[in-house]
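# Chain and residue survey
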Number of protein chains: 2
Amino acid sequence: GDGAAVTAAQRRQDSLTKPQGSLGRLEEIVAWLARWQGRANPKLDRVAVIVFAGSHGVTAQGVSAFPAEVTVQMVANFQAGGAAINQLARAAGASLDVIALEVERPTADFTQAPAMSEAEFLAAVSTGYNAVKKGTDLICFGEMGIGNTTTASAIAAALFGEAGEHWVGRGTGVDDAGLSRKAAAVDAGLDRHHADLADPLKIAAALGGRELAAIFGATLAARHHGIPVLLDGFVVAAAVAPLARLNPSGLAHVLAAHVSAETPHRRLLDMLGLAPLLDLGMRLGEGSGACLAVNLVRSALECHAGMASFAEAGVSEK
Amino acid sequence: GDGAAVTAAQRRQDSLTKPQGSLGRLEEIVAWLARWQGRANPKLDRVAVIVFAGSHGVTAQGVSAFPAEVTVQMVANFQAGGAAINQLARAAGASLDVIALEVERPTADFTQAPAMSEAEFLAAVSTGYNAVKKGTDLICFGEMGIGNTTTASAIAAALFGEAGEHWVGRGTGVDDAGLSRKAAAVDAGLDRHHADLADPLKIAAALGGRELAAIFGATLAARHHGIPVLLDGFVVAAAVAPLARLNPSGLAHVLAAHVSAETPHRRLLDMLGLAPLLDLGMRLGEGSGACLAVNLVRSALECHAGMASFAEAGVSEK
């Protein structure tokens, strides 16, 4: 992070025709862009959304309200332009890439075996890492994968403790019995992989999914390239949570775009020390919440770049 | 409101490729647009922001951190394009009009006399009413007026009870002594005008300001023309609060865009039964919070208009 760029940006903010601090979190957003882009006057010429898709063996445990085939069908919908994320990316002035990670070959059911081998996990991380283009000004990651809120709950439980029931939510809309099956699947996964739970990377491989591994890799790439990241919902937060366990500042370049209606999301953000920008009861995934926050970031930057100072406008100060 | 348009819009929402309800408040936003525009497929071709400015005699009580001359200076800044609202309106794709209401002639100090005579009040209401153009698809009202958070606090206290200290906040940034002066001014106003406190219109005239009266009139005009209104901060909420007291559904066409850092704003929204879309610690006024929410509304509508249905996309349902 570039502290000098932040200082210069904040000095400019304080000179603009408004009571100091009165733009609230819009001022924080500008400082965050300045820090990670390394520019006192950040830019948003190239905003990217990448949606990663993967298939999950744990769907065998009856953890989703939708059939597993929906993952492949929704990838086709993304490619045809018919999903929510297509509309939201266009409204945000962002490019949209969709990367399907072997969606015809689900991970192993983590209640029975590691979801991925080390080699499979690293291949997915690598795909994510390489998907991020240097020179991007802001990036959002999304996911699609029937069954992946159970995967996310398992990762959160493994990283932060507590039983499955503490970390599961209704995902695409399971009933009470489905919710119990999700909690039981998480508990079975924790039990089966208990020897691996001290290592965040082993947790991500044993309990995670290919699209989550890709988001992990892509978030690492963003850090290396100086690209601020807007986090989407519970699944994305769980995908990047191992970075925070590997390094206390591993997620410093990340801002939580929203808190979703998936119950454990707020708890996970609290554990990660992240305060969401939006709270609109969304629970769709795909990167939808992150994408929705892009125009807030654009508005923050427009104020920073375009406002007159007290001196320029001839306005009296306090 | 057009209930048939809402029903048709909700039927379409439920057919789109997402778990039902998973776009959260974005779905509520579309229903709101449909209801007040009277169209199952709402549009946002003409979005308008109108900022009303007025000057306040109660500044004589030392209630603001900024000198009263700033009101006139900021109107010039709006006209020159240097204020936050200029940047935010551009980022929202909205037109911006600025209407100064006799800013060189402050209202009377409401601790000493009615802020406005009935004739002055009605003239300001009328200016606001006539500023709203039929055919506008969505409208935001903003305000500028040094001293007007004290005015807003006085109206809220008069409408909903409790002493001044319950309803004042730090506005542009007063210290503890300034906060006490604000509370004392409100209490003095309530005391002086106690005979008028049963009538919402007399409250708005005796304790309000010209820009608040104009916003009252403009919000009424929006209702008559079928234009949904995004509410800005505490001052705007206080300006329209008398409509809710005159008619329980008087604010049904209004959505609260944000809750600001001005402490009494959340309490006032609660009294009005309004749930804010954004909570970003802003406290600038000018219509800034309302304008920031316009792109959320645009994104909601893009999803509604552009997404494929389950049938169109060949995606399996539950």
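Residues numbered from 1 in each chain as written. Chains lettered and ligands numbered in written order. Predicted model: local features only at pLDDT ≥ 70, side-chain atom pairs only at ≥ 80, totals over all residues. Heavy atoms only, no water.

### A closer look at the packing of helix α1 (residues 3–15) of chain B against helix α2 (residues 25–37) of chain B
All names here are of chain B. Taken N-terminus to C-terminus, the directions of α1 and α2 make an angle of 150°; their axes are 8 Å apart at the nearest point. Looking at the two axes, α1 sits roughly antiparallel to α2. For α1 against α2, the interelement crossing comes out right-handed. Taking contact as the criterion, the partners of G3, A5, V6, A9, Q10 and Q13 in α1 are, on α2, E27, V30, A31, A34 and R35. Looking at the contact of α1 with α2, its residues break down into 6 nonpolar, 3 polar and 2 charged. (Axes fitted to C-alpha atoms, helices over the stretch in contact; angles between N-to-C directions. Helix = DSSP H or I, 4+ residues; strand = E, 2+ residues; numbered from the N terminus. Parallel < 35°, antiparallel > 145°, perpendicular 65-115°, else oblique. Left-handed = near helix turned anticlockwise from the far one by under 90°. Contact = heavy atoms within 4.5 Å. Nonpolar A, V, L, I, M, F, W, Y, C, P; charged D, E, K, R; others polar.)

### Quick look at the relation of the copies chain A and chain B
Overlaying chain A on chain B yields an RMSD of 0.0 Å, the required transformation being a rotation through 180° with an accompanying axial translation of 0.0 Å. Here the symmetry operator amounts to a two-fold rotation axis. A high fraction, 100%, of the interface residues of chain A reappear at the interface in chain B, so the copies pair face to face through one surface. (Least-squares fit on C-alpha atoms with pLDDT ≥ 70 in both.)

### As for the packing of aromatic side chains
For the structure shown, the criterion picks out 8 aromatic pairs over all chains. Between the aromatic rings of F121 of chain A and F216 of chain A, the centroid separation amounts to 6.3 Å while the plane-to-plane angle is 55°, which identifies the pairing as tilted. Note that F121 of chain A is positioned in helix α5 (residues 118–131) and F216 of chain A in helix α9 (residues 210–225), a separation of 95 residues in sequence. One exposure class covers both F121 of chain A and F216 of chain A, and it is buried. With a centroid separation of 6.3 Å and 45° between ring planes, the pair formed by F52 of chain B and F141 of chain B is classed as tilted. Of this pair, F52 of chain B sits in strand β1 (residues 47–53) while F141 of chain B sits in strand β3 (residues 138–144); the two residues are 89 residues apart in sequence, bridging distant segments of the chain. Each member of the pair, F52 of chain B as well as F141 of chain B, is classed as buried. Taking NZ or CZ as reference, R267 of chain A lies 5.7 Å from the ring centre of W167 of chain A, over its face. (Phe/Tyr/Trp six-rings, centres within 6.5 Å; stacked < 30°, edge-to-face > 60°. Buried < 20%, exposed > 50% of the residue type's maximum accessible area, 1.4 Å probe, protein only. Lys NZ or Arg CZ within 6 Å of the ring centre and 35° of its normal.)

### Structural notes on helix α10 (residues 234–246) of chain A
Residue and element names in this part refer to chain A. Its 13 residues give α10 an end-to-end C-alpha distance of 19 Å, which sits within 8% of 18 Å, the value for a rise of 1.5 Å per residue. The sharpest bend along α10 measures roughly 35° and falls at V240, with the proline P242 sitting one to four residues further on. In terms of residue burial, α10 counts as a mostly covered element, since 10 of its 13 residues are buried. Among all positions of α10, only F234, V235, V236, A237, A238, A239, V240, A241, P242 and L243 are buried. Lining the buried residues of α10 we find β3 (138–144), α6 (148–160), α8 (200–207), α9, β4 (229–231) and α11 (264–272). (Expected span 1.5 Å × (residues − 1). Bend = angle between axes of the 7 residues up to and from the residue.)

Any functional reading would require information that these geometric values do not contain.
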